[in-house]
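# Chain and residue survey
So you can see what is in the structure, the chains are spelled out below.
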Amino acid sequence: MRVTPITLIVLLLALPSSAAATPFVRGDVNADGVIDVSDALAAIGWLFFGDSRPSCLASADVNADGAVDISDPVRLLNFLFLGAPPPPGPHPDCGEDATATLGCEFFVPCGPPAAPGGFRFLRINEQGRPEFEHELTGIAFVHVPGGAFDMGAPEDECESEPAERPLHRVEVSSFLLARTEVSQRQWERATGERPSYFQGGLVPPDVDAGDLPVEQVSWHDVSAFCEATGLELPTEAQWELACRAGTRTPFTFGETISTDRANYNGSQPYCGGEPGEFREMTVPVGTFEPNGFGLHNMPGNVFEWCRDSFDAGFYSSSEASGADPVSLGDTPRKSARGGCFFHRAHWCRSAFRAGVEPTTRISHVGFRPAASLRDVH
């Protein structure tokens with residue numbers, strides 16, 4: 001006999017909550033240390049009745065098929081009461097806590113994951129991503145899961161540009177990326193200097209300039225900052241993967257964008273859309289809602305330097321596809337991503353690429369650092 005969804009509720013009501021106590025990770029949906037009927041109730045409550053999300057989706061995916069659905073409490077009840085085999089162990093590439101890596105993007109880590117060297121664990125954010133604090137700078141980083149994605153813009157994307165094509169498949173290893181742009185306060189703490197344009201009398205009295213993104217920092221300046229702190233600039237591929245957060249739309253938030261979601265020149269809307277506010281200056285980092293990974297202000301506010309040399313034809317080269325691509329050619333400009341408060345909406349698209357002289361220090365170019373996980377196990 002097998003348990004079916006039709007008989008599930010009857011079983012849940014009829015059986016005691018202490019039917020079993022087996023120390024498997026999968027199946028302990030409510031994370032109370034035992035596997036029993038209360039775990040099936042927890043899964044059903046989340047799936048159908050708006051109850052709290054399980055603290056560990058790897059445990060809630062009882063049958064290890066990569067999704068949490070009605071089949072999981074059915075599988076659990078078959079194990080508890082009808083002699084089915086125990087739930088399978090963790091994904092072989094994920095380890096005991098199913099930390100997100102290639103093939104494990106669905107899972108939320110079960111408990112605090114191990115912090116990379118030089119970082120300490122902060123929390124699991126609302127998007128289910130682990131966050132860490134860089135101990136030297138105090139900058140908060142989000143764990144960005146690796147994976148394959150289509151980089152660039154399709155031919156029919158409104159206001160797309162030739163440098164964003166062809167659309168090509170790349171694979172990116174997991175890495176850490178700063179939750180927000182580096183702020184003026186964080187830069188000053190690390191360097192003793194505050195070079196930004198927006199400070200003093202150029203900032204409204206109700207705004208703390210220390211919370212604004214650092215700008216007027218060149219590619220060479222931020223490269224030196226990263227070298228001194230053990231961090232690095234993200235590649236264009238890393239930046240775009242993080243900005244998209246699993247989306248394929250022009251913007252990280254969908255098909256269009258508005259000035260209540262990003263800081264750009266609202267008098268120049270996207271593709272004939274509604275105009276919005278032109279703030280004429282930067283806003284504090286973290287002002288707008290985060291994307292699907294918990295990263296704030298990926299579009300707009302300030303352009304963000306990337307590691308790559310800017311090559312408008314790079315996407316047509318063989319080096320652009322494959323694992324962890326980066327353009328390191330001898331070109332006069334460096335890549336910057338994300339758009340800014342000063343420019344039009346279409347520059348905030350996830351695929352948009354800009355080439356900027358590496359000596360440039362200007363009020364609408366800043367950065368957010370990354371950290372490699374190559375040496376983290």
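What you see is a predicted model; the values in this text were computed from it and never measured. (Residues numbered from 1 in each chain as written. Predicted model: local features only at pLDDT ≥ 70, side-chain atom pairs only at ≥ 80, totals over all residues. Heavy atoms only, no water.)

Here we come to the packing of aromatic side chains. Applying the stated criterion across every chain, the model contains twelve aromatic pairs. Relative to Phe225, the ring of Trp187 lies with its centre 5.0 Å away and its plane at 10°, an arrangement referred to as stacked. One end of the pair, Trp187, is in helix 5 (residues 184-191); the other, Phe225, is in helix 6 (residues 219-229), and 38 residues separate them in sequence. Like Trp187, the residue Phe225 is buried in the burial classification. Judged by centre distance (4.8 Å) and plane angle (90°), the rings of Phe251 and Tyr270 are edge-to-face. Pair noted here: Phe251 is in the loop between helix 7 (236-244) and strand 7 (303-309) and Tyr270 is in the loop between helix 7 and strand 7, with a separation of 19 residues, a long-range link. Tyr270 matches Phe251 in its accessibility class, with the two residues each being buried. Following the ring pairs from residue to residue traces out a cluster consisting of Tyr197, Phe198, Phe341 and Phe342. Between the NZ or CZ atom of Lys334 and the centre of the ring of Trp219, over which it lies, the distance is 4.2 Å. (Phe/Tyr/Trp six-rings, centres within 6.5 Å; stacked < 30°, edge-to-face > 60°. Helix = DSSP H or I, 4+ residues; strand = E, 2+ residues; numbered from the N terminus. Buried < 20%, exposed > 50% of the residue type's maximum accessible area, 1.4 Å probe, protein only. Lys NZ or Arg CZ within 6 Å of the ring centre and 35° of its normal.)

The next thing to look at is the pairing of strand 9 (residues 334-337). Here strand 9 shows two buried faces, one formed by Lys334 and Ala336 and the other by Ser335 and Arg337. Inspection of the sheet shows strand 7 paired to strand 9 by three bridges, in the antiparallel sense. Looking across to strand 9, one finds that Trp305 is bridged to Ala336. Two elements, strand 9 and strand 10 (residues 354-356), share three bridges in a ladder whose sense is antiparallel. By the bridge assignment, Lys334 is partnered in strand 10 with Val356. (Pairing = 2+ DSSP bridges.)

Remark: helix 2 (residues 37-49) packs on helix 4 (residues 71-81), axes separated minimally by 9 Å, with the N-to-C direction vectors making an angle of 170°. As summarised for this structure, helix 2 and helix 4 are arranged roughly antiparallel, according to the angle between their axes. Between helix 2, through Val37, Asp39, Ala40, Ala43 and Ile44, and helix 4, the contact on the second element is made entirely by Pro73, Leu76, Leu77, Leu80 and Phe81. Each residue belonging to the contact of helix 2 with helix 4 can be placed in one class, and the counts come to nine nonpolar, no polar and one charged. (Axes fitted to C-alpha atoms, helices over the stretch in contact; angles between N-to-C directions. Parallel < 35°, antiparallel > 145°, perpendicular 65-115°, else oblique. Contact = heavy atoms within 4.5 Å. Nonpolar A, V, L, I, M, F, W, Y, C, P; charged D, E, K, R; others polar.)

Time to look at the state of the cysteines. Per the counting criterion, the structure on display carries one disulfide. Paired by a disulfide, Cys158 and Cys271 hold their sulfur atoms 1.3 Å apart. Judged by the torsion about the S-S bond (125°), the Cys158/Cys271 disulfide is right-handed. Residue Cys158 is located in the loop between strand 4 (147-151) and strand 5 (168-172), and its partner Cys271 is located in the loop between helix 7 and strand 7; the two are separated by 113 residues in the primary sequence. For the unlinked cysteine Cys243, the closest cysteine sulfur is that of Cys348, found at 9.2 Å. For Cys348, which is in no disulfide, the shortest distance to another cysteine sulfur is to Cys340 and amounts to 7.5 Å. Its relative accessible area of 1% is what places Cys348 among the buried residues. (Disulfide = S-S within 2.5 Å.)

Our next topic: the sheet that holds strand 8 (residues 322-323). Strand order across the open sheet formed by three strands is 4-5-8, with mixed pairing between neighbours. Here the strands that pair on one side only, and so sit at the sheet edges, are strand 4 and strand 8. Two elements, strand 5 and strand 8, share two bridges in a ladder whose sense is parallel. Residue pairing in the sheet places Val170 in a bridge with Gly322 of strand 8. Contacts from helix 7 reach strand 4 and strand 5 within the one sheet, and its direction differs from that of strand 4 by about 95°.

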